[in-house]
Amino acid sequence: MRRESTKVDVRLKDFWRDNNRFADLFNAVLFEGQEILKPDALEEADTDVSGIIQLKQYQESLVRARDVVKKTAYGADFVIWGIENQQHIHYASPLRTLLYDGMGYLKEYNEITRQRKEDSGPKTKDEFLSKMRKEDRLHPIFSITVYYGEKEWDGPLCLKDMIVDMPEPMARLFSDYKMNLVQVRDSGKYTFNNEDVKTVFDISRKFFEGNVNEVKETYKDKELQPEIVAVIGKITESSFLMQKGKRGRRSINMCTALEQLENDAVERRDRELIMKWSAAGYGASEIANLLGLPEEKVRKVQAGK
């Protein structure tokens, strides 16, 4: 099994751009499976939240782009929904989420101030200072971070987790910022209704758990769209599934694909065991004897091939 570069997550972005999948994720994670967010109410929104933070004589330009952003309109008002794809544990994720959401609010604030600058009507001193009218309001932003890694998330879940220990009186007053985190390996607790979302999370999670036989039994006679197969391949780091999904134009029978997925699981297990015994100080020949593997294979894994 060969690892594909994790810099490119186009498949994951494209997967969540579908309104039905996007809405199902938010409904499952934030609204306990209730259909609060309607797919047909979603519109594409600008992913660029870059802006300039200015404090008196100091200013800082920040260039940021979110992975997938949608907007729902309610008359003159709207709500922004954003997804961030995370393939590895990021120990500053709450801060990163705070920054993305903050930049989104700053972007809207700047749009309001531009409009007010063109407004020739009378302003109070307070409105002149803030560049906003008293009645102006920002629109809410909701974000979800989807973590696709096999390893359990051991990073912070909120801003407070990133802060040094504080005395209780201070801790009570601290303004925290929560991150909505979804782990593929822990996704069984959610109620997904969209078949694509359900399938991607179910197969990937069971693969991480080592329940490949259960996956084969459930999906052996099912036909999946190439896009879904490619996304599962991306999450599980299976080059075979990624290529099969990439090349295919018709639905794919999962029987053959799952056999390869099982082989990938065995390969992954062998690599993990080789690295474990290597870290313990065992040589290639000793590990080969312990695991019943060719010594050449052990040496390649140790060399990072």
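Model, not experiment: these values are computed from the prediction. In every chain, residue numbers begin from 1 and rise along the written sequence. Given that the model is predicted, a residue must reach a pLDDT of at least 70 before its local features are reported, and side-chain atom pairs must reach 80 or more before they are shown or counted; all residues, however, enter totals for whole chains, interfaces and linings. To obtain the side-chain values, all non-hydrogen atoms of the structure were included, while hydrogens and water were left out.

**A word on the pairing of strand β6 (residues 141-147)**
Looking down a regular strand, the side chains alternate between one sheet face and the other. Each residue's exposure class comes from its accessible area (1.4 Å probe, protein chains only) as a fraction of the maximum for that residue type: buried when under 20%, exposed when over 50%, partly exposed otherwise. The secondary structure listing takes helices from DSSP runs of H or I that are at least 4 residues long and strands from runs of E that are at least 2 residues long, numbered from the N terminus. Burial runs high along β6: six of the seven residues are buried. Paired strands, as defined in this entry, are two strands with at least two bridges between them according to DSSP. Two strands pair when backbone bridges link them, and strand β5 (residues 77-86) and β6 are joined in this way by seven bridges, in the parallel orientation. The partner of Q86 across the bridge, within β6, is Y147. In terms of strand pairing, β6 meets strand β7 (residues 181-183) through three bridges, oriented parallel. By the bridge assignment for β7, T145 is matched with L181.

**Thoughts on the packing of helix α11 (residues 284-291) against helix α12 (residues 295-302)**
Note on geometry: axes are lines fitted to C-alpha atoms, helical ones only across the stretch in contact, with angles between N-to-C directions running from 0 to 180 degrees. It is the contact of α11 with α12, at a shortest axis distance of 8 Å, that shows an interaxial angle of 120°. Comparing the axis directions of α11 and α12 gives the class oblique. Of the two possible hands of crossing, α11 and α12 adopt the one that is right-handed. Here A284, S285, I287 and A288 of α11 come into contact with α12, specifically with E295, V298, R299 and Q302. Of the residues in the contact of α11 with α12, the class split is four nonpolar, two polar and two charged. For this classification, under 35 degrees means roughly parallel, over 145 means roughly antiparallel, 65 to 115 means roughly perpendicular, and everything else is oblique. Whether a crossing is left-handed or right-handed is set by the direction in which the near helix is turned from the far one by less than a right angle, anticlockwise for left-handed and clockwise for right-handed. Only heavy atoms enter the contact rule, under which two residues are in contact if any of them lie within 4.5 Å. Classes in brief: Ala, Val, Leu, Ile, Met, Phe, Trp, Tyr, Cys and Pro nonpolar; Asp, Glu, Lys and Arg charged; the others, Gly included, polar.

**Here's the deal with the packing of helix α6 (residues 195-209) against helix α8 (residues 226-236)**
Where α6 contacts α8, the axes come no closer than 10 Å and their chain directions differ by 35°. In this structure, α6 meets α8 at a crossing whose hand is right-handed. Facing D196, T199, V200, I203, S204, F207 and F208 of α6, the residues of α8 in contact are I228, V231, I232, I235 and T236.

**Observations regarding the environment of Y177**
Relative to the helices and strands, Y177 resides in the loop between α5 (168-173) and β7. Sequence spacing of Y177 and L157 is 20 residues, and the spatial spacing of their C-alpha atoms is 8.9 Å. Not counting chain neighbours up to four residues away, the residues in contact with Y177 comprise P94, T97, L98, D101, C158 and L159. Of note is the side chain of Y177, whose polar atom sits 2.7 Å from the side chain of D101. In the analysis that follows, any N or O atom pair within 3.5 Å is treated as a polar contact, provided that within protein one partner can donate a hydrogen and the other can accept it, and provided that, for residues neighboring in sequence, both atoms belong to side chains.

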